[in-house]
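# Observations on the three-dimensional arrangement
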Amino acid sequence: MGTRKATDFNDSDLAETDRAIPPGSVIVQKFGGSSLADAAGILRAAERIAKTRTNGYRVVAVVSAMGDTTDELCDLAAEVSARPLPVDLDALLSIGELVSSALLAIALADLGQLPRTFTGSAAGLITDSIHGKAHITDVRPDRVRSSLARGEVPIVAGFQGRTQKGNRVTTLGRGGSDLTAVALAAALGADICEIYTDVDGVYTADPRVVPTARKIEVLSSEEMLEFAASGCKVLHLRCVEYARRFGIPIHVRSSFVPEPGTLILPGLDRHPLQPAREQPEVTGVAGVNSASKITVVGMPDQPDTMARILHVLSSSGAHVQAIVQNSAGKGPRRSDVALIVPAAHAGNALAVLDAEKGSIGFEGLQHDDKVGRVSITGLGMRSSPEIFCTFLKALSDADVELDLVDISETSVGAVTHSDRLADAERAVRRAFGMTPADEATAAGHEGHLTPAVGPPLQTWVPISGQDMTPVAAGDRTVARHF
Ligand code: ADP
Ligand code: ASP
Ligand code: MG
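Structure report, in brief. (Residues numbered from 1 in each chain as written. Chains lettered and ligands numbered in written order. Predicted model: local features only at pLDDT ≥ 70, side-chain atom pairs only at ≥ 80, totals over all residues. Heavy atoms only, no water.)

Contacts to ligand 1 come from 19 residues, most closely from Thr-197, Asp-198, Tyr-203, Asp-206 and Arg-208. A distance of 2.7 Å is found between an oxygen atom of ligand 1 and a side-chain nitrogen or oxygen belonging to Thr-197. Taking Tyr-203, its main chain carries an N or O atom lying 2.9 Å from a nitrogen atom of ligand 1. For the shell around ligand 1, the residue count by class is nine nonpolar, five polar and five charged. (Near = heavy atom within 4 Å. Polar contact = N/O pair within 3.5 Å; in protein donor to acceptor, adjacent residues only side chain to side chain. Nonpolar A, V, L, I, M, F, W, Y, C, P; charged D, E, K, R; others polar.)

Next comes the structure, spelled out in C-alpha cells:
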C-alpha cells in the first residue's frame, strides 16, 4: 500500500527528482493530520519543505491539525454542551491547525528557514458566515505573497477563514485543509498544489480496505471529482471542484516516501501523458454507507412541486445527492419522490419537509437510514453500455437488490441497502478485475465485458446543484450524483 511509519523514514528519502516544473515556481504543500500526527511527522514535513526550497522552489505550507486533534476538540465541546453554538465551535476547532503551524515553524527555524505563520484569516481566506461548513467567497493572500517575496516560508493554518462581515473565525467543513491549499494555490498562481498524506497516491479503492487496489498515476479532475463525490476521502470534494474550476494541478503523494504519487490534472483533453483517451476506462470503485433515503409520498403532480421541495431542502442545508420520481399508482395526479441525502442531513431534511407538508400538499414522508451507494468512476461511462451492463450484472449475480441506479460520463452508481454494500463493492471490484486473478476466475470473470439484464430502471430527473432539467416522459437514466 506504500505507507510507512515515521520511524521508517530517513533523510535520503527526500531526494526530490520528480518535479517537472521550473525552479522559482511557487508550490503549495499541504500536510494532512495523518502526516502530522506526532513530533516525527512535524519534523518530516519541515524537512520536506526545506528540501523543496533547496531545490529552488518557493513553498507555501498549509497544515491540518495533528492526528485526531479536531475529533478530540469536538468531543470536548460535546462534554461541555449538548448544543454548542456553531460560531463558538469554529473558534475552538480552528485551534488545532494553529498548533501544527506553530510547531512546524519551530522545526523549520531549526533547519535555517524563515517561517512565518498565518491564521486562515491573516492569509486572506474570506468566507460566508455558515459556521462549520463555510464557503470561500474571496482569497486575498497579499500578506502571504509579501512573505514569499521576503524569502520566508509562509505556513497557513488550513480549514479556517473569517467572515467578510463581522470578522468571525469560520471552518470550511471536515477535511477542509485540502480546500485551503488549492484556494491559496489558485490565488497565488502556484504551479502545483501538493497534498501530502499517509498513502502514496490515489488508488482504485481505499488501499486500507482493499489491499489489491492499484495506484493510479494520472487522473483527470473530472474523474477525481466523481471519485471524491462517491466517497473516496483522500481528497476533499470541494478541493477537487475548486482545482478543476481554477485549473490547478494537484499531486497527491506520501509524506513518508519520495516517490511520485498521483497527478490530478484539470481537463480531460489537457491530459499530457495520455492525450487521446477514447476507450472507456474504469479507474476506481467506491462505496459510501452514510446516506439516507427520504421518500415524499403522494406528491401532487404539479410542475413546481419538485422545485418547492428542493427549495425547502436547500434552506435546511441538506445536500440532495440523487432524486428519483415514480408514479405513485394512486391516480394520475400523484407521484412519489425518493431523495438521497447524507445521513447527517436527514434529520433536518425531514423536519423542514414535515413543516411544509400542508403547503406543498404531499401525503407523507418515509425514511430509510440504511442506504449505501456503490459506484465505479472512470471515463466514457455513458457512451459504453458494456460498462453499465457489467456493473449491473455483477450486482445481480451477487443478489444485491438495487434501489436507484445512476449513470454519468464519469460514474455509474447504484443505491442499495447498507448491509449489502460490502458485498456489492466486492462483486463490482471482481467484475472489473480489481481482485487477484484466482478470485476473479472463481467468480466467473472471463476478462471481457458481458451484457447483462439489470433491474428495471426508473425515471431519473437529472440534477446539478439545485437546478433541475425536465425529463421527457418515458425518458430514463442519466442522473448526476454530485
Ligand atoms: P489526511 O490526514 O492527509 O488529510 P485523509 O485521512 O483525509 O488524510 O486521507 C487519506 C486516507 O484516504 C488514506 O489513509 C486512505 O485510507 C483513504 N482513502 C480512501 N479512499 C482512497 C483511495 N481510493 N486512494 C487512496 N486513499 C484512499
Ligand atoms: N482538522 C480538520 C479535520 O480534521 C481539517 C483537515 O484535517 O483538513 O477535519
Ligand atoms: Mg484529508
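Taken in spatial order, the four strands make up an open sheet running β5-β4-β7-β8, and their pairing is mixed. Of all strands in the sheet, those bounded by a partner on one side alone are β5 (136-139) and β8 (169-171). On average, each strand axis in the sheet is inclined to that of its neighbour by 45 degrees, with strand direction left out of account. (Pairing = 2+ DSSP bridges. Helix = DSSP H or I, 4+ residues; strand = E, 2+ residues; numbered from the N terminus. Axes fitted to C-alpha atoms, helices over the stretch in contact; angles between N-to-C directions.)

Okay, helix α4 (residues 95-110) next. Here α4 spans 23 Å end to end across 16 residues, near enough to the 22 Å set by a 1.5 Å rise per residue. Every buried residue of α4 is listed here: Gly-96, Glu-97, Ser-100, Ser-101, Leu-104, Ala-105, Ala-107 and Leu-108. In an axial view of α4, the angular spread of the buried residues amounts to 170 degrees, which keeps them on one side of the axis. Opposite the packed face of α4, turned more than 90 degrees from it, sit the exposed residues Ile-106 and Asp-110. (Expected span 1.5 Å × (residues − 1). Buried < 20%, exposed > 50% of the residue type's maximum accessible area, 1.4 Å probe, protein only. Arc of directions from axis to C-beta.)

Next up on the list: the site of ligand 2. Ligand 2 sits among Ser-64, Ala-65, Thr-70, Glu-97, Phe-159, Arg-174, Gly-175, Gly-176 and Ser-177. Contacts to ligand 2 include Ser-64, whose side-chain N or O atom sits 3.4 Å from an oxygen atom. Contact distances for ligand 2 include 2.6 Å between a nitrogen atom and a side-chain N or O atom of Glu-97. Looking at the shell around ligand 2, its residues break down into two nonpolar, five polar and two charged.

Moving on, we come to a nonpolar patch on the surface. Side chains of Ile-95, Val-99, Leu-103 and Ile-106 sit close together on the surface and give an oily, nonpolar patch of about 320 Å² of accessible area. As for its position among the elements, Val-99 is in helix α4. (Patch = residues over 30% accessible without salt bridge, like charges linked within 9 Å, V, L, I, M, F, W, Y side chains within 5 Å. Areas by Shrake-Rupley, 256 points an atom, 1.4 Å probe, with all protein chains shown as cover. Salt bridge = Lys/Arg side-chain N within 4 Å of Asp/Glu carboxyl O.)

Shape descriptors only; they carry no functional weight alone.
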